[in-house]
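Close look at the chain arrangement
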Amino acid sequence: MTKDMLNFTVGPVMSSEAVRAIGQEQVPYFRTAEFSATMKENEQLMKKFTKAPEGSRVVFITGSGTASMEATVMNVFTPEDRVLVVNGGSFGHRFVQLCEIHDIPHTEIKLDMGCKLTAEHLSPYEGQHYTGLLVNLDETSTGVLYDIKLISDFCHRNGIFLVVDSISSFLADPFDMEQLGVDVMITGSQKALACPPGISVIVLAPNAVERVCGREVKTMYFNLKDALKNGERGQTPFTPAVGILRQINARLREIDEAGGVESENRRMAHLAADFRSKISGMPFTIVSQSLSNAVTPLHPLNASAYDIFLCLKDEYGIWVCPNGGDMADKVFRVGHLGALTTDDNTTLVNALKDMQRRGLL
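The notes below deal with the structure included here. Here the structure is a predicted model, which is why all the values come from computation and not from measurement. (Residues numbered from 1 in each chain as written. Predicted model: local features only at pLDDT ≥ 70, side-chain atom pairs only at ≥ 80, totals over all residues. Heavy atoms only, no water.)

**Focus: the pattern of salt bridges**
Going through the model one piece at a time under the given rule, you end up with 15 salt bridges. Salt-bridge contacts for Glu41 lead to Arg253; the nearest nitrogen and oxygen are separated by 2.9 Å. Of this pair, Glu41 sits in helix α2 (residues 33-50) while Arg253 sits in helix α10 (residues 242-257), and the two are 212 residues apart along the sequence. Residue Glu41 is classed as partly exposed on the basis of its relative accessible area of 24%. (Salt bridge = Lys/Arg side-chain N within 4 Å of Asp/Glu carboxyl O. Helix = DSSP H or I, 4+ residues; strand = E, 2+ residues; numbered from the N terminus. Buried < 20%, exposed > 50% of the residue type's maximum accessible area, 1.4 Å probe, protein only.)

Given below as structure tokens:
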């Protein structure tokens, strides 16, 4: 039913032939030297692509991005912390919920839909003894890419531990973990890594490793100290999504051979610019004040966003990304992640133009 669908969502996304081929294979047993070597290579390439500082470590969690968001909150913060949370949409709100669940004292920096973060938003918190900051670098629900340099400088001045959810931004937008002083970076398998959903990844700078290893956390599955110990031998504490981790290995190698993270950044920037150029003059407004290369959030001027999603899916064989809640009829999103081409952009734009001719836009 979905075999020939063209996928412009922001996850899962279109996968390469090499990644799909691994998905057709039998899943091997994993407590082996061969799988350990694969995992160690995955860690090395993740550190390379995030530009993580020397001594950083990587944890692979079998679970969606939210699993790694929760594992991070549980393992690096305690009720003695005071945490700032940038909340500009549903994923920023998720960090707020996690702080509430785990009794982490926190303050929301609440942003209106599509608004970028500015120095004026941060200035009330200068010198106020906050100890951590949680931010979704690309607030995927609204397509806003936050100014990570602004956030980094603020955290550096105030001695704040910085956690960045880069789930949709990783590989799409430039990011230098060491230069920015990011302590923890989170991403997921189904975004620009262009693999099936099921694995999320936590990159820990050395001071984050030290923090994790110095704490006792009341959890079994999300115990990052246990995960780090197992990772020393290229393994995980419990049975991981073995097939997806093998696909991630193929994808990381693919990126490395194609020129690395900079080349992937350029490719997605080109795809995003091409799509935005092709929809110029159509009855949409782009709602984000600060766009990521990962996604273009569109507000239709004359139709329901959700109706457009349904029409493209049912009549044209194309997936775009709907929104939920009060944004369902206001905004849909077009992703630029994964194995897409400028010809694919043209196919989507032609479908939208046909809908316009039919009076559906």
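Next, the rest of the story.
**Side note on the sheet that holds strand β8 (residues 161-165)**
Strand order in the open sheet made by the seven strands is β2-β10-β9-β8-β5-β3-β4, with mixed pairing throughout. Whereas interior strands pair on both sides, the edge strands pair on one side only; in this sheet they are β2 (57-62) and β4 (106-110). Across the sheet, the axes of successive neighbouring strands diverge by a mean angle of 20 degrees, strand direction being ignored. Relative to β4, strand β3 (residues 83-87) runs parallel, the two sharing five bridges. Within the sheet, the bridge partner assigned to Val86 lies in β4 and is Ile109. Along the sheet face, helix α4 (residues 90-101) touches β3, β4, β5 (132-136), β8 and β9 (184-188) and points at about 150 degrees away from the line of β3. The sheet contacts of helix α9 (residues 224-231) involve β2 and β10 (199-204), and relative to β2 the element is tilted by about 110 degrees. (Pairing = 2+ DSSP bridges. Axes fitted to C-alpha atoms, helices over the stretch in contact; angles between N-to-C directions. Contact = heavy atoms within 4.5 Å.)

**Let's talk about the environment of Trp319**
Tracing the backbone shows Trp319 in strand β13 (residues 318-319). Spatially, the C-alpha atoms of Trp319 and Asn7 are 4.8 Å apart, while their sequence positions differ by 312 residues.

**Some thoughts on α4**
End to end, α4 covers 16 Å across 12 residues, agreeing with the expected 16 Å (1.5 Å per residue, within 8%). By the burial criterion, the buried members of α4 are Gly92, Phe95, Val96, Leu98 and Cys99. Buried residues of α4, viewed axially, fall in a sector of 160 degrees; they line one side. Asp103 sits one or two positions beyond α4 and adopts a positive phi of about 55 degrees. (Expected span 1.5 Å × (residues − 1). Arc of directions from axis to C-beta.)

**Considering the nonpolar core**
Core analysis: the biggest nonpolar cluster contains 62 residues, and Met46, Leu133, Ile151, Leu162 and Leu171 have the highest contact counts within it. Those residues in contact with Leu133, other than ones at most four positions away along the chain, are Val83, Leu84, Val86, Ile151, Phe154, Cys155, Ile160, Phe161, Leu162 and Val163. Ala71, Phe77, Val209 and Val212 belong to the second largest nonpolar core, which has 32 residues in total. (Core = buried A, V, L, I, M, F, W, Y, C linked by side-chain atoms within 4.5 Å.)

**Some remarks on the pairing of β9**
Along β9, five of the five residues are buried, which leaves the element largely enclosed by surrounding structure. Burial along β9 is two-sided: Val184, Ile186 and Gly188 facing one way and Met185 and Thr187 facing the other are all buried. For β8 and β9, the ladder comprises three bridges, and the chain directions are parallel. Following the sheet pairing, Val163 is matched in β9 by Val184. Pairing geometry for β9 and β10, over five bridges, is antiparallel. Residue pairing for β10: Ile186 is matched across the bridge by Ile202.

**With respect to the pairing of β8**
The buried fraction of β8 amounts to five of the five residues, a majority that puts the element mostly inside the structure. Going residue by residue along β8, you find Phe161, Val163 and Asp165 tucked away on one face and Leu162 and Val164 tucked away on the opposite face as well. The sheet contact formed by β5 and β8 spans five bridges and is parallel. Directly across from Asn136, in β8, lies its bridge partner Asp165.

**Things to note about unusual backbone geometry**
Geometrically, the link from Gly11 to Pro12 is a cis peptide bond, its omega value of -5 degrees lying close to zero. Looking at the secondary structure, you find Pro12 in the loop between β1 (6-7) and α1 (17-23). Positioned with a positive phi, His129 is a non-glycine residue whose angle comes to about 65 degrees. Note that His129 resides in the loop between α5 (119-122) and β5. With phi around 75 degrees, Leu171 is a residue other than glycine that occupies positive phi space. Relative to the helices and strands, Leu171 is located in the loop between β8 and α7 (177-180).

**Observations regarding the packing of aromatic side chains**
Applying the stated criterion across every chain yields a total of eight aromatic pairs. Measuring from ring centre to ring centre gives 5.9 Å for Phe77 and Phe161, while their planes differ by 85 degrees; the resulting arrangement is edge-to-face. Pair noted here: Phe77 is in the loop between α3 (65-76) and β3 and Phe161 is in strand β8, with a separation of 84 residues, a long-range link. What makes Phe77 buried here is its relative accessible area of 2%. Take Phe161: its relative accessible area is 5%, and that puts it in the buried class. Taking the centre distance of 5.6 Å and the plane angle of 15 degrees together, the rings of Tyr221 and Phe238 count as stacked. Of this pair, Tyr221 sits in the loop between α8 (206-213) and α9 while Phe238 is found in the loop between α9 and α10, placing the two residues 17 residues apart along the sequence. Judged by its relative accessible area of 38%, Tyr221 falls in the partly exposed class. Three or more aromatic residues joined by ring pairs form one cluster here, namely Tyr29, Phe30 and Phe35. (Phe/Tyr/Trp six-rings, centres within 6.5 Å; stacked < 30°, edge-to-face > 60°.)

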